Amino acid sequence: MPEPIGFDAHDHDQCVETAITEAEAHCAATGARFTAVRRAALEILLREHRALGAYELLDRLHDAGFGSQPPVAYRALDFLVENGFVHKIERLNAFIACAHPGASHSPAFLICRKCDAVAEAHSAPARGTLGEAAKATGFKIERTVVEALGVCPSCAETYES
């Protein structure tokens, strides 16, 4: 199981390049259109490595030469979420690039209540208590959203000091 991504140092340029390459390959294989605005939105989210609201993303897209109307950002985000490149963080009403694009997974988001940093980890709801409850009732889990609120390592150091 891959390690959570979001609170540690890593080769950021490599992670952006890998995710864009995977998005391009996925779109080529499925016939989906990876338009310039969709690519730009994904690149912005990948470079930030944090959750961004739709309007903050729209501002960044506008600065990059794309339209300034909300549908520009929302259409790009809908496409990116639908294709598994981006996740919506419900608690923050914001979006974050998927740390494990192309992998079939149930993400769990670890959200810092101090700085809003987000790490993505894998969860296995079908194997735990939730999965047992679903099985007992004949319910088939198709999608879960797990969001845990706490303090990231950087804020914990500052907070405890």
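A quick note: this is a predicted structure, and the numbers were derived from the prediction, not measured.

A. Expanded view of the pattern of salt bridges. With the rule as written, the count across this model stands at six salt bridges. The shortest N-O distance in the salt bridge between Arg39 and Glu24 comes to 2.2 Å. Highlighted residues: Arg39 in helix 2 (residues 36-48) and Glu24 in helix 1 (residues 12-30), separated in sequence by 15 residues. Its relative accessible area of 30% is what places Arg39 among the partly exposed residues. A residue is classified by how much of its surface remains accessible, and Glu24, at 34% relative accessible area, is partly exposed. Of the charged contacts in the structure, one is a salt bridge between Arg50 and Glu48, with a shortest N-O distance of 2.9 Å. Here Arg50 falls in the partly exposed class, since its relative accessible area comes to 29%.

B. Structural detail: the packing of aromatic side chains. Under the criterion given, the structure shown has three aromatic pairs. Their ring planes at 50° and their centres at 6.4 Å tell us that Phe79 and Phe85 sit as a pair that is tilted. There is no split in this pair, since Phe79 and Phe85 are both buried. One aromatic cluster is present, formed by Phe34, Phe79 and Phe85 through successive ring pairs. It is Arg38 that lies over the ring of Phe79; its NZ or CZ is 3.9 Å from the centre.

What counts, and where the lines are drawn
- Residues numbered from 1 in each chain as written.
- Predicted model: local features only at pLDDT ≥ 70, side-chain atom pairs only at ≥ 80, totals over all residues.
- Heavy atoms only, no water.
- Salt bridge = Lys/Arg side-chain N within 4 Å of Asp/Glu carboxyl O.
- Helix = DSSP H or I, 4+ residues; strand = E, 2+ residues; numbered from the N terminus.
- Buried < 20%, exposed > 50% of the residue type's maximum accessible area, 1.4 Å probe, protein only.
- Phe/Tyr/Trp six-rings, centres within 6.5 Å; stacked < 30°, edge-to-face > 60°.
- Lys NZ or Arg CZ within 6 Å of the ring centre and 35° of its normal.

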